[in-house]
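Examination of the molecular architecture
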Amino acid sequence: MKEELGKKFREHFGKEPEFSFFCPGRVNLIGEHIDYNGGKVMPCAISLGTYLVISRNTDKVFRFRCLNFPETANIHLQSSYSKTGKEWFNYPLGVINEFLKEGYTLSGLDVLYYGNLPIGAGLSSSASIEVLTAYALKTIFGIDISNKDIALLGKRVENEFIGVNSGIMDQFAVAMGKEHKAILLNCDTLEYEYLPFETGDYILVIINSNKQRALADSKYNERFAECGKALKLLKKGVHAENLCAIDTNMFENNRSLINDPVLEKRALHVVSENERVKESQKALSAGQVKRFGELMYASHQSLQDLYEVSGKELDTIVEFSKMYDGCIGARMTGAGFGGCAIALVKKDQFDDFAGKLTTYYTQKIGYAPGVFASAIGDGVRELN
Ligand code: GLA
């Protein structure tokens, strides 16, 4: 891949690339829509992601190219930037803006990206390009910044430059991922540990619904706001910094304070999902992969009924998975409103599962899903 991209770089810029980098995408195993509520999540980096080949230039220009998009940009080095339009290069530009805000000196750059993650499919293609760019700047300009701080910087880009109130999970997962491990991340304190993701005869399968995630950003911000309102009402009865500081008991004793059925459902999802992550940690540590599968199904049900971020495409995938003998758990992953689901499927039944799911889904939805087995990989890195 590095050689092929080097060739493309020479075609675009007529010179050799100095550096090459890779940053993965992620799936979240469980703990959905609770990172921005101070909860615990369990993401892992996957083997697909975004590549970057890059060289410095002396022209004080950022030349942005991407093999996945026709849009290009040549942007002069300034002291700061703001988002312009919806083009992909706003993500690296937002990252550059953060480094400039922190006072770092940068030079012009010729940059070429290529991603093999399905874009906008909920596998964190945006966190991948943010963390990738930040890691490249750190390396090229010798900037002293940890991967954890790179994740936080990426989140600031998403929140302040792009305008989505997302939590820390995606950037953290792609910056800190480790082969064969899930990350158990406390999004309130940023304490984390690596959990062995040992699933015996079962493999992790990613199913792309191929549904365009229309209005996903505005719906996401709406859920973020609803959680804030629910917390404010609950605070009349409980002392809590965030919704995930409230356990099931506290919630049951105070839920009447919410007095709004929609907000009550949102809060119940958050509180119960946070408990499911704790249960999942126990199950995985004890090697109880079937129990973990049950928790995946329960998580999906809650996202479908209470948080209302699923949809008929993702529900159809989970509905089929429940009927399929060699599958022990499935759920939507990421923000929802389309995007991807994950499932745990018996290794030797993968082809059969993929074939039958494709037929079932196509009959119900009208087009085919993408089904692929995925390894759990390392986080962002330089390619040597
Ligand atoms: C998106 C956001 C994350 C997280 C998930 C839902 O991926 O970027 O911060 O909130 O949705 O769990």
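Bear in mind that the values here come from a model prediction, so they are computed numbers and not experimental data.

This brings us to the sheet that holds strand S5 (residues 73-76). An order of S5-S4-S6-S3-S1-S13 is seen for the six strands of this open sheet, with the pairing classed as mixed. Either end of the sheet is taken by a strand with one partner, and the two such strands are S5 and strand S13 (381-382). Bridging between strand S4 (residues 61-66) and strand S6 (residues 108-115) involves five bridges; their strand directions are parallel. Paired with phenylalanine 62 across the bridge in S6 is leucine 109. Where helix H1 (residues 2-13) meets the sheet, it contacts strand S1 (19-28), strand S3 (43-57), S4 and S6, and its direction lies at approximately 135° from that of S6. Packed on one face of the sheet, helix H3 (residues 125-141) meets S1, S3, S6 and S13 and runs near 150° to S1.

Moving on, we come to the pairing of S3. By the criterion of burial, S3 is predominantly enclosed, with 12 of the 15 residues buried. The pairing of S1 with S3 spans nine bridges and is antiparallel. Bridge assignment links phenylalanine 22 to a residue of S3, and that residue is tyrosine 51. In terms of strand pairing, S3 meets S6 through eight bridges, oriented antiparallel. Paired with threonine 50 across the bridge in S6 is glycine 115.

Looking now at the domain arrangement of the protein. Per the domain assignment, the segments of the protein are domain 1 (2-196) and domain 2 (202-374). The gap between the C-alpha centroids of domain 1 and domain 2 is 26 Å. It is Ile30, Glu32 and His33 that lose the most area in domain 1 upon contact with domain 2, and together they represent 23% of the buried surface on that side. Between the two partners, domain 1 and domain 2, sit one salt bridge.

Around the ligand, the neighbouring residues are Arg26, Glu32, His33, Asp35, Tyr36, Ser166, Gly167, Met169, Asp170, Tyr220, Gly334 and Ala335. At 2.6 Å, a side-chain N or O of glutamate 32 approaches an oxygen atom of the ligand. Aspartate 35 has a polar side-chain atom sitting 2.5 Å from an oxygen atom of the ligand. For the ligand, whose unbound accessible area comes to 310 Å², protein coverage reaches 91%. Looking at the shell around the ligand residue by residue, the class counts come to four nonpolar, four polar and four charged. Formed jointly, the shell around the ligand draws a minimum of three residues from each of two domains, domain 1 (2-196) and domain 2 (202-374).

The next thing to look at is the packing of aromatic side chains. Going through the model one piece at a time under the given rule, you end up with 23 aromatic pairs. On the numbers, 6.5 Å between centres and 70° between planes, the contact of phenylalanine 62 with tyrosine 81 is edge-to-face. Of this pair, phenylalanine 62 sits in strand S4 while tyrosine 81 sits in the loop between S5 and helix H2 (90-101); the two residues are 19 residues apart in sequence, bridging distant segments of the chain. Tyrosine 81 matches phenylalanine 62 in its accessibility class, with the two residues each being buried. Here the aromatic rings of tyrosine 192 and tyrosine 194 are separated by 5.7 Å at their centres, their planes lie at 80°, and the arrangement is edge-to-face. A relative accessible area of 26% means that tyrosine 194 is categorised as partly exposed.

The next thing to look at is the packing of helix H9 (residues 289-305) against helix H10 (residues 312-323). The interhelical angle for the contact between H9 and H10, taken along N-to-C directions, is 150°, at an axis separation of 11 Å. The pairing of H9 with H10 is recorded here as roughly antiparallel in orientation. For the crossing formed where H9 meets H10, the hand is left-handed. Judged by residue contacts, Tyr297, His300, Gln301 and Gln304 of H9 engage Leu314, Asp315, Val318, Ser321 and Lys322 from H10. Grouping the constituent residues of the contact of H9 with H10 by class yields three nonpolar, four polar and two charged.

What follows concerns the side chain of aspartate 315. Turning to its location among the elements, aspartate 315 is positioned in helix H10. A distance of 2.6 Å separates a polar atom in the side chain of aspartate 315 from a polar atom in the side chain of serine 310. Once you skip the residues sitting within four places of it in the chain, aspartate 315 turns out to touch His300, Gln304 and Ser310.

For the rest of this paragraph, the subject is the packing of H3 against helix H4 (residues 147-162). Contact pair H3 / H4: the axes reach a minimum separation of 9 Å and the direction vectors enclose 125°. One way to sum up the angle between H3 and H4 is to call them oblique. Between H3 and H4 the crossing geometry is right-handed. Within the contact between the two elements, H3 uses Ser126, Glu130, Val131, Ala134, Tyr135 and Lys138 and H4 uses Asn147, Ile150, Leu153, Gly154, Val157 and Glu158.

Conventions we followed
- Residues numbered from 1 in each chain as written.
- Predicted model: local features only at pLDDT ≥ 70, side-chain atom pairs only at ≥ 80, totals over all residues.
- Heavy atoms only, no water.
- Pairing = 2+ DSSP bridges.
- Helix = DSSP H or I, 4+ residues; strand = E, 2+ residues; numbered from the N terminus.
- Contact = heavy atoms within 4.5 Å.
- Axes fitted to C-alpha atoms, helices over the stretch in contact; angles between N-to-C directions.
- Buried < 20%, exposed > 50% of the residue type's maximum accessible area, 1.4 Å probe, protein only.
- Domains from an automatic or database assignment.
- Buried area = accessible area lost by both parts, 1.4 Å probe.
- Salt bridge = Lys/Arg side-chain N within 4 Å of Asp/Glu carboxyl O.
- Near = heavy atom within 4 Å.
- Polar contact = N/O pair within 3.5 Å; in protein donor to acceptor, adjacent residues only side chain to side chain.
- Areas by Shrake-Rupley, 256 points an atom, 1.4 Å probe, with all protein chains shown as cover.
- Nonpolar A, V, L, I, M, F, W, Y, C, P; charged D, E, K, R; others polar.
- Phe/Tyr/Trp six-rings, centres within 6.5 Å; stacked < 30°, edge-to-face > 60°.
- Parallel < 35°, antiparallel > 145°, perpendicular 65-115°, else oblique.
- Left-handed = near helix turned anticlockwise from the far one by under 90°.

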